[in-house]
Amino acid sequence: MAGSLMTAAFQGCKSSGAEEEKKPEKEPVVAAFLLSSGNLSDTLSLPGELVAFQNVDLYAKVSSFVKKLYVDVGSEVRQGQLLAVMEAPEINAQRDGAASKVKSQEAIYLASKATYDRLLETSKTPGTVSQNDLDMADARQKSDHAQYLAAQSALKEITDNRNYLEIRAPFSGVITARNVSAGAYVGPGAGAVPMFTLQEQKKLRLVVNLPESNAGVLNQSGVVKFTVKSLPGRYFEARTSRVSGALDNRLRAQHVEMDVANDSKTLLPGMIPEVKIPLHSGNTQVFVIPNKALLNSSQGLFVIKVTNGKTVWVPVSTGIKTDDQIAVYGNLNKNDTLIDNVTEEVRNGAAVDGKLALQ
């Protein structure tokens, strides 16, 4: 009886092992997806710089002494407003001398003109005045007239220089620096120190250097938002206004300027804001794949396509990238089958080892 049980047990074990050997192994599954097109958008965060919309250093135009200052640091001024007056006594003396010369030349010209007019009238009686005398009188009065005009021009030049003794604001803004005091000697030329720095602050420029990889996807008429560290939690807007259209040779970036309304002067020139620039892939559809479907190898960037049961490495270039997707460009077509999670272990031209599972 015991022998029968042992035989039965042995046969049972042998039968169970045979069934396990005959059971087929599970076929491996290769995750894949069908390529589709779409629009991809993202937000690029990068630092910028706020600068005054207009900024100018104001210098003295003639050598002189500061007589009186009418503004100081922080003064708000209007266009054309008087900022300072200088004095230069030699200019007044030059002007008086030029004015006297104008009167002298005017008298000489009037005398020669009167002589010519009398000779011209007398010459109407035949034989009274020779033609040579008349021509000489005419030449004299024309020469004196030219000298008179030259004296007037000299007087105007000195008068203009005298007007330069007044410094006026070329535009409305805020005086941000004053470098002289009353009595200081100022003048033009190399090494001269500006008397004032004037900035327009009710409108600012937000300057951004957009990296080469994103230079072609900026909405050139759009609005961007930005923040500044001194005002946490507050968002400000700027409108793209000027794009350089070329990459900087040093930074390999495109210079972009945006206009910022700042009537309340909450923002100040020199602030470094964090700019949120919306990026888009353009009006045309692009192919969008998961980031894990992009193979970054030593040979370049590839996606792995399945064609007739074999893998094909397709070189691609990339566009906008988000946390989980990226736009790609290459020899691809809609509904191509791409492997979802790629590695360099999947060799080019190899047979697909497993069943494709489309995601």
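Quick caveat, the model's predicted, so the values are computed rather than measured. (Residues numbered from 1 in each chain as written. Predicted model: local features only at pLDDT ≥ 70, side-chain atom pairs only at ≥ 80, totals over all residues. Heavy atoms only, no water.)

### Quick notes on helix α2 (residues 89–122)
Under the 1.5 Å per step criterion, the end-to-end length of α2 is 50 Å for 34 residues, consistent within 8% with the ideal 50 Å. Residues of α2 that are buried: Ile 91, Ala 98, Val 102, Gln 105, Tyr 109, Ser 112 and Tyr 116. Where α2 is buried, its residues touch α3 (131–163). (Helix = DSSP H or I, 4+ residues; strand = E, 2+ residues; numbered from the N terminus. Expected span 1.5 Å × (residues − 1). Buried < 20%, exposed > 50% of the residue type's maximum accessible area, 1.4 Å probe, protein only. Contact = heavy atoms within 4.5 Å.)

### A short note on the packing of aromatic side chains
Under the counting rule described, the total for this entry stands at four aromatic pairs. Ring centres of Tyr 109 and Tyr 148 lie 6.2 Å apart, and the angle between their planes is 5°; this geometry places the pair in the stacked category. Of the two residues, Tyr 109 is situated in helix α2 and Tyr 148 in helix α3; the sequence distance between them amounts to 39 residues. Over the face of the ring belonging to Phe 53 we find Lys 203, whose NZ or CZ atom lies 4.3 Å from the ring centre. (Phe/Tyr/Trp six-rings, centres within 6.5 Å; stacked < 30°, edge-to-face > 60°. Lys NZ or Arg CZ within 6 Å of the ring centre and 35° of its normal.)

### As for the nonpolar core
Within the largest apolar cluster, 28 residues are counted, with the highest numbers of intra-cluster contacts made by Leu 83, Met 86, Met 195 and Phe 196. Only β7 (82–87), α2, α3 and β11 (196–211) provide two or more residues apiece to this core. Residue-level mapping places this core at the junction of two domains, with at least three residues from each of domain 1 (41–83 + 165–280) and domain 2 (89–164). Apart from the residues lying within four places of it in its own chain, the contact partners of Leu 83 are Leu 58, Leu 69, Tyr 70, Val 71, Val 77, Ile 167, Arg 168, Ala 169, Ile 175 and Phe 196. Counting residues in hydrophobic clusters, the runner-up holds 25 residues, among them Leu 46, Leu 206, Val 275 and Ala 327. (Core = buried A, V, L, I, M, F, W, Y, C linked by side-chain atoms within 4.5 Å. Domains from an automatic or database assignment.)

### Some words on the confidence of the model for the protein
Here the protein averages 85 in pLDDT, and 87% of its residues register 70 or above. The low-confidence segment residues 1–10, where pLDDT is below 50, has zero contacts with residues more than four positions distant or belonging to other chains. (pLDDT = per-residue confidence, 0-100.)

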